[in-house]
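# Fold and geometry: a report
Residues per chain are reported as follows:
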Amino acid sequence: MNLKDELIRTEGLTREFSVRKGLFGQKATIRAVDNVSVSLERDMVFSLVGESGSGKSTFARMVLNLLKPTAGRVFFKGKDTSRFTKEELREFRRSVQVVFQDPFASLNPRQSIYSALSEPFKVHSIVRGKELKERVAELLRSVGLQPEHMNRYPHEFSGGQRQRICIARALALTPEVIVADEPLSSLDVSIQAQILNLLTDLKERYRLSYLFISHDLNVVRYFSDHVAVMYAGRVVEEGSAEELFDSPLHPYTELLIQSSPGRKGKKPLIKRQDDQGYVNNQGCAFYPRCALRKRHCSTEKPVLKDRDGRRVACFEV
């Protein structure tokens, strides 16, 4: 890989949370993200996939510098984001934008669409006056809406239209990376296809790179170049989308693929559902559910190793 093509890299990114559990509220530590090292290159759609609670959104918030990691580092164009100056952080905010899951919660109900879309330009002192209105109109057209929509309010739009507005806001500062955190999950299936096609079109038009987070395997397979599968905060398999979906190596990846709607094939590799991998687990987090497990899997933690051009964390493959 050419380092000039690398936009975001994480090294050993980890985030722990303290919780209380049990009848007497004993303290426990949950490792929501555990030693994740991945790389997003220019013009790439890098997807994180896994069940709800696997740590995908927590990882995204650390990449966005909205949440501090317990350990590990995030690099943007080779620079450690934790050491950014005020000006470097400001530039990072312009270059890396986000689209969240719920478009209605992402928009201020008392703020007009014009106000929402013009705010990034004002904050970064880019354009003002008549040119500002023209830029907002251009943003709306770029996501399939009309300039006359700018005087309306969020409640006047459907869920799909609101998500288009959120995408337009993310595009305002001409970013290089968009972090899309479950951007389709709150939308109807027919609208999901429209938004996915829009994201694909915008990628080509503006040469965008995406960190795409989803639990929908069919969407991930269609949209992604590279995929990392997360379970209990850890990446258990990583590789190109085509290879990973055609011949999964990790039993959890196999489980996800075989469990996806419309998928036919052999029975998923799963033993039972007594999953206790999230708290104080010293071995493989997938151990309680894995049909391939051996005794040492409960006490030894597998690390990602190269295998057939991919990386997989499993003793048995």
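Structure shown above.
In this report, we go over the structure that sits alongside the text. Sequence order as written defines residue numbering, which begins from 1 separately in each chain. Note on the predicted model: pLDDT of at least 70 is required for a residue's local features to be given, and 80 or more for side-chain atom pairs to be given and counted; whole-chain, interface and lining totals, by contrast, use all residues. To obtain the side-chain values, all non-hydrogen atoms of the structure were used and water was disregarded.

## Examining helix α1 (residues 56–63)
Put simply, the test is: Only protein chains enter the calculation, and the probe is 1.4 Å; a residue is then buried if its accessible area is under 20% of its type maximum, exposed if over 50%, and partly exposed in between. To qualify as a helix, a DSSP run of H or I must reach at least 4 residues; to qualify as a strand, a run of E must reach at least 2; elements of each kind are numbered from the N terminus.
With six of its eight residues buried, α1 lies for the most part within the structure. For α1, the complete set of buried residues consists of K56, T58, F59, A60, M62 and V63. Note on α1: the residue one or two positions beyond its end, N65, has a positive phi of about 65°.

## Some remarks on the sheet that holds strand β8 (residues 177–181)
Put simply, the rule is: We call two strands paired when DSSP finds no fewer than two bridges between them. Lines fitted to the C-alpha atoms define the axes, with helices restricted to the stretch that makes contact. Angles between their N-to-C directions range from 0 to 180 degrees. Contacts are assigned to residue pairs that have any heavy atoms within 4.5 Å of one another.
Pairing in this open sheet of eight strands is mixed, and the strands run β7-β8-β9-β4-β10-β11-β13-β12 from one edge to the other. Each of the sheet's edge strands pairs with one partner strand only, and the pair in question is β7 (96–99) and β12 (305–307). Taking each pair of neighbouring strands and ignoring which way they run, the sheet shows an average axis angle of 20°. For strand β4 (residues 45–49) and strand β10 (residues 226–231), the ladder comprises four bridges, and the chain directions are parallel. From the neighbouring strand, S47 faces β10, where its bridge partner is V227. Of the strands in this sheet, β7 and β8 touch helix α2 (residues 86–95), which is tilted by about 45° from β7. Lying on the sheet, helix α6 (residues 159–171) is in contact with β7 and β8; it crosses β7 at an angle near 175°.

## Considerations on empty space enclosed by the protein
Where we set the bar: Of the grid points, spaced at 1 Å and generated over the protein atoms alone, those admitting a 1.4 Å probe that cannot get out make up cavities, while open sets with protein on both sides within 12 Å along at least five of seven lines make up pockets; any residue with an atom within 4 Å of a point is treated as lining. Grid points are joined across faces, edges and corners, and a volume is the space filled by probe spheres set on the points. Ten residues, namely Ala, Val, Leu, Ile, Met, Phe, Trp, Tyr, Cys and Pro, are considered nonpolar, four, namely Asp, Glu, Lys and Arg, are considered charged, and the remaining ones, Gly among them, are considered polar.
Taken as a whole and assessed by the stated rule, the structure comprises two cavities of 30 Å³ or more. By volume, the largest cavity is sized at about 80 Å³. Forming the boundary of the largest cavity are 14 residues, of which C284, C290, C297, C314 and F315 lie nearest the centre. The residue inventory of the lining of the largest cavity, partitioned by class, reads eleven nonpolar, one polar and two charged. Lining of the second largest cavity is provided by I8, R9, T10, V38, S39, L40, F46, F59, V63 and L211.

## Considerations on the pairing of strand β9 (residues 209–214)
The side chains of a regular strand alternate, residue by residue, between the two faces of the sheet. The condition that has to hold: Handedness rule for crossovers: strands pointing away from the viewer, path from the first strand over the helix to the second running clockwise, crossover right-handed.
Buried residues dominate β9, accounting for six of its six residues. Alternating residues of β9 divide into S209, L211 and I213 and Y210, F212 and S214, and every residue in both groups is buried. Examined bridge by bridge, β4 and β9 share five bridges and lie parallel to one another. In the strand pairing of β9, V49 is matched with S214. Sheet topology note: the β8/β9 ladder contains five bridges and is parallel. Bridge pairing links D181 to I213 in β9. Note on the crossover from β8 through helix α7 (residues 189–206) to β9: the handedness is right-handed.

## Here's the deal with the packing of aromatic side chains
As a reminder, the rule being used: Side-chain rings of Phe, Tyr and Trp (the six-membered ring for Trp) are treated as a pair once their centres are within 6.5 Å; stacked means planes under 30 degrees apart, edge-to-face means over 60, and tilted covers the remaining angles. A ring has a charge above it when a Lys NZ or an Arg CZ is no more than 6 Å from the ring centre and no more than 35 degrees off the ring normal.
In total, this model carries seven aromatic pairs according to the counting rule given. Following the ring pairs from residue to residue traces out a cluster consisting of F76, F84 and F92. One cation-aromatic arrangement involves R293 over Y287; the distance from NZ or CZ to the ring centre is 4.9 Å.

## Quick notes on the layout of surface pockets
Approximately 480 Å³ is the volume attributed to the largest pocket. Taken together, 19 residues form the lining of the largest pocket, with R93, Q97, V98, P120 and R169 sitting closest to its centre. Mapped onto the lining of the largest pocket, the elements with two or more residues apiece are α2, β7, α4 (113–123) and α6. Along the lines of polarity and charge, the residues of the lining of the largest pocket split into 13 nonpolar, three polar and three charged. Of the pockets and cavities examined, the second largest pocket occupies roughly 290 Å³. Residue lining of the second largest pocket: 18 residues in total, with N35, R234, V235, P302 and V303 positioned closest to the centre. Grouping the amino acids of the lining of the second largest pocket by side-chain chemistry returns eleven nonpolar, three polar and four charged.

Purely geometric stuff here, so don't read any function into it on its own.
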